Amino acid sequence: MILARNFRTAQIAPLFIFLIGSIYGCGEKKKENDTHTKPASEQESEVPSPVESADVPEYMAEGQKVYAQYCLSCHQVNGTGVSRLNPPLKDTDYVLGDKNRLLGILVNGSNVGLEIRGETYSNAMPSFKQLDDTELAHVASYIRNSFGNSATPVTIGEVSTFRTKSENQK
Amino acid sequence: MKEYAKKSIKTATYLLWALGLVFLVGCGGEQKNDATQETALDLSPDNAGLTLPDGFGALKVADSLGKPRHIAVTAQGGIYVKLENAVDGKGILYLEDDDGNGTAEVKQGFGDYGGTGILLDKSGLYASSNSEVFRYKVDADGKVVDPASVDTLITGLIDRRQHNSKSIALDNSGNIYVNIGAYSNSCQKEDRALGSMGMKPCPILDSAGGIWQFRTDAIKQSYGEGKRFATGLRNVVGLDWNERDNHLFVMQHGRDQLHTLFPDIYDIETSANLPAETMYRLEEGSDAGWPYIYYDQNQNKKIMAPEYGGDGKKLGAEDIQDPIVAFPGHLAPNALLFYTGDMFPEKYRNGAFIAFHGSWNRAPEEQEGYNVAFVPFENGRPSGDYEIFADGFAGTDSIMSPDEAQHRPTGLAQGPDGSLYVSDDQGGTLFRIVYTDEAEQ
């Protein structure tokens, strides 16, 4: 405190203005830089909630159970997958497109590095041939109508037709 | 007394003017960065979103770099970043900080391959794709002399996509160590398929699932020229040579999916925590036991894998090496670094930093990791429990799926001043953590 009393304000004021100015100057510049380098991940953080398909409520409920047991650990609760490892199921051609191609992946598995929206994934998708036609129809319909997806359900009949056809081809 | 005080004030005043000048110069100056400019680091007021121990500060060196995997820093503070995927034919970026404020700009890009491994040594800059290891000549400052002239040291390593990162480390005897991860979860006949049992012996171990050793003075080496240095390691992304102890230390990614593959033995919660992510101190011939066993950090035991007849309790083979540190499951250790700098306080010297990429296989439970942990070491052995050193990379308190994380720690490097650099392959950010000595108020 003795020091403080001895301090001459006149002598010290310009010094502080200079000091604060120089530090503040730095901050301004930083801010400017920041706006240019905002990471892409900060801009898209909305997780769409699952859209229930009105026509097949029991497919959705049963399909969700199959999904939770067999698929969720890899493709994640919201269908976003895991970058580098497991692809997303949200808004992909394989999920929304041709039903037989989708069933082919579920029944035979896939370990070829499918390209999904410009990325590939390194994990192995196992075969789910042990699931019965009903379970497969349920889970396929569920992923086609969850995570923001919307597409016609896959019926049990479509699964059994697919299975008979691929059996005959062997 | 009074005279003395006056003198002090005068001195203090001069010092403050000088400090102001340093700030100004640091801000706009064209000066090259060197050790005397540390005071000008533009540290982030909120530690760039990270939670750090008292006395530490942080800043973002760069952002939006794509998917940076491992990193290396030159003696002048230049930074090499290995990208997961080459962007515009450039898989390695070189950054420099022109004005010493800590942020760095990309100066150069080269190497038309994606990959993970990168490290710098007097003998050159080493970088790996997912099947090869390359070396570039460097000048005294650690700068690559000619990016177009490159030696292929190692080639033809197995890449079946799963666990294909080829992380690298050097010893001081002209050897280079390369991780060759197993292209499988647990060597089932059908990978990750329900009810498929394990193959015995596991055929993968001939060409993967271990650390291979090659020479740094030979080119175009493959399996025939190298040797399997250690086996039974499912996938190692983080490894480092410990200079104190002259041994290679590695962090293994433990197996996935105990519950989904064996729901009768493991419930969801058990499977979220098991098995341990493990650190090993390797000798030539070490065997960490994958796929036949896993390490249970709660029982502190090597447990027989369910694919090989285990029930969660039966013990595995006795001759398998024990880990020296066991972390909770699925945290995904992607980098290991022994701290040899002197910027950080005594406690950190020669200890191990581990970058945890963060889990996915804990779903549907909350995910964990997304941090940098620290293990103190004495005489080449852990001397205390691990602790979380830097946290908050995810940018959110609770995280259900990796996609929600803003950043995922992937690589670690030490700067010439002892700063710790952390790379992130989610947001593409490079962080720099420094010790400022100013305990938080």
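Being a predicted model, the structure only gives us computed values, none of them experimental.

### With respect to the sheet that holds strand β17 (residues 286-287) of chain B
All names here are of chain B.
Move 1: One open sheet accounts for five strands, arranged β10-β11-β12-β13-β17; its pairing is mixed. Each of the sheet's edge strands pairs with one partner strand only, and the pair in question is β10 (168-170) and β17.
Move 2: Sheet topology note: the strand β11 (residues 175-180)/strand β12 (residues 210-215) ladder contains six bridges and is antiparallel. Bridge pairing in β12 links tyrosine 177 to glutamine 213.

### With respect to the sheet that holds strand β7 (residues 124-128) of chain B
Whenever strands of a sheet pair, they do so through backbone hydrogen bonds, lying parallel or antiparallel.
All names here are of chain B.
Move 1: As summarised here, the arrangement of the four strands in space is β6-β7-β8-β9, forming an open sheet in which the pairing is antiparallel. Only two strands of the sheet have a single neighbouring strand rather than two, namely β6 (118-121) and β9 (150-154). Averaged over neighbouring strand pairs, the angle between their axes works out to 25° when direction is ignored.
Move 2: Examined bridge by bridge, strand β8 (residues 133-136) and β9 share four bridges and lie antiparallel to one another. The residue of β9 that forms the bridge with tyrosine 136 is valine 150.

### Regarding the UniProt feature "domain: Cytochrome c" (unreviewed entry) in chain A
Move 1: Mapped onto this structure's residue numbering, the UniProt feature "domain: Cytochrome c" (unreviewed entry) falls at residues 58-147 of chain A.
Move 2: The distance separating the terminal C-alpha atoms of residues 58-147 of chain A is 17 Å; by composition the span is 48% helix and 0% strand.

### What to know about the state of the cysteines
Here a disulfide denotes one covalent bond, and it connects the sulfur atoms of two cysteines.
Move 1: Summed over the entire model, instances satisfying the criterion amount to one disulfide over all chains.
Move 2: Between B:Cys187 and B:Cys202 runs a disulfide, and the two sulfur atoms are separated by 2.1 Å. Looking along the S-S bond of the B:Cys187-B:Cys202 disulfide, the torsion reads about 95°, which is the right-handed sense. Of the two residues, B:Cys187 is situated in the loop between β11 and β12 and B:Cys202 in the loop between β11 and β12; the sequence distance between them amounts to 15 residues.
Move 3: Relative accessible area serves as the criterion here: at 0%, B:Cys187 is assigned to the buried category.
Move 4: Residue B:Cys202 is classed as buried on the basis of its relative accessible area of 4%.
Move 5: No disulfide involves A:Cys71; its sulfur sits 8.8 Å from the nearest other cysteine sulfur, which is in A:Cys74.
Move 6: On the basis of relative accessibility, which here comes to 12%, the residue A:Cys74 falls in the buried class.

### Observations concerning unusual backbone geometry
Move 1: With an omega of -5°, the peptide bond between B:Lys200 and B:Pro201 qualifies as cis.
Move 2: Of note, the amide linkage connecting B:Leu274 to B:Pro275 takes the cis form, showing an omega dihedral of -15°.
Move 3: Looking at the secondary structure, you find B:Pro275 in the loop between α3 (268-273) and β16 (277-282).
Move 4: In the Ramachandran plot, A:Phe147 falls in the positive-phi region, its phi being about 55° despite a non-glycine side chain.
Move 5: Take A:Phe147: it is sitting in the loop between α8 (133-144) and α9 (156-168).
Move 6: With a relative accessible area of 3%, A:Phe147 lands in the buried category.

### Regarding the packing of aromatic side chains
For any pair of aromatic rings, the description rests on two quantities: the centre-to-centre distance and the angle between the ring planes.
Move 1: Counted under the stated rule, the structure contains 32 aromatic pairs over all chains.
Move 2: Summarising the aromatic geometry, the rings of A:Tyr67 and A:Tyr142 are spaced 5.4 Å apart at their centres and angled 45° between planes, so their arrangement reads as tilted. In this pair, A:Tyr67 sits in helix α4 (residues 57-70) while A:Tyr142 sits in helix α8, placing the two residues 75 residues apart along the sequence.
Move 3: Taking 4.8 Å as the distance between ring centres and 90° as the angle between the ring planes, the aromatic pair formed by B:Phe56 and B:Phe344 counts as edge-to-face.

### Some thoughts on the pattern of salt bridges
Move 1: Counted by the stated rule, this structure contains 24 salt bridges over all chains.
Move 2: With its nearest N and O atoms 2.9 Å apart, the salt bridge here joins B:Asp417 to B:Arg432. Of this pair, B:Asp417 sits in the loop between β27 (409-414) and β28 (420-424) while B:Arg432 sits in strand β29 (residues 430-435), and the two are 15 residues apart along the sequence. By the burial criterion, B:Asp417 is buried, and B:Arg432 matches it.
Move 3: Here the residues in one salt-bridge network are A:Arg84, B:Arg69, B:Glu84 and B:Asp425, joined through shared partners.

### Some words on α9(A)
Residue and element names in this part refer to chain A.
Move 1: For α9, spanning 13 residues, the distance from its first C-alpha to its last is 19 Å, which sits close to the expected 18 Å at 1.5 Å a residue.
Move 2: Of all the positions in α9, only Val159, Phe162 and Arg163 are classed as buried. Each buried residue of α9 sits inside an arc of 95° when the element is viewed along its axis, so together they form one side.

### A word on the confidence of the model for chain B
Residues and elements named next belong to chain B.
Move 1: Overall, the predicted model of chain B reaches an average pLDDT of 91, with 90% of residues at or above 70.
Move 2: This model gives residues 1-38 a pLDDT under 50, and the stretch forms 50 contacts once residues within four places in sequence are excluded.
Move 3: At the level of chain-chain contacts, confidence expressed as ipTM amounts to 0.84, with global pTM at 0.85.

Cut-off values and rules
- Residues numbered from 1 in each chain as written.
- Chains lettered and ligands numbered in written order.
- Predicted model: local features only at pLDDT ≥ 70, side-chain atom pairs only at ≥ 80, totals over all residues.
- Heavy atoms only, no water.
- Pairing = 2+ DSSP bridges.
- Helix = DSSP H or I, 4+ residues; strand = E, 2+ residues; numbered from the N terminus.
- Axes fitted to C-alpha atoms, helices over the stretch in contact; angles between N-to-C directions.
- UniProt positions renumbered as here; feature names shortened; annotations may be inferred.
- Disulfide = S-S within 2.5 Å.
- Buried < 20%, exposed > 50% of the residue type's maximum accessible area, 1.4 Å probe, protein only.
- Phe/Tyr/Trp six-rings, centres within 6.5 Å; stacked < 30°, edge-to-face > 60°.
- Salt bridge = Lys/Arg side-chain N within 4 Å of Asp/Glu carboxyl O.
- Expected span 1.5 Å × (residues − 1).
- Arc of directions from axis to C-beta.
- pLDDT = per-residue confidence, 0-100.
- Contact = heavy atoms within 4.5 Å.

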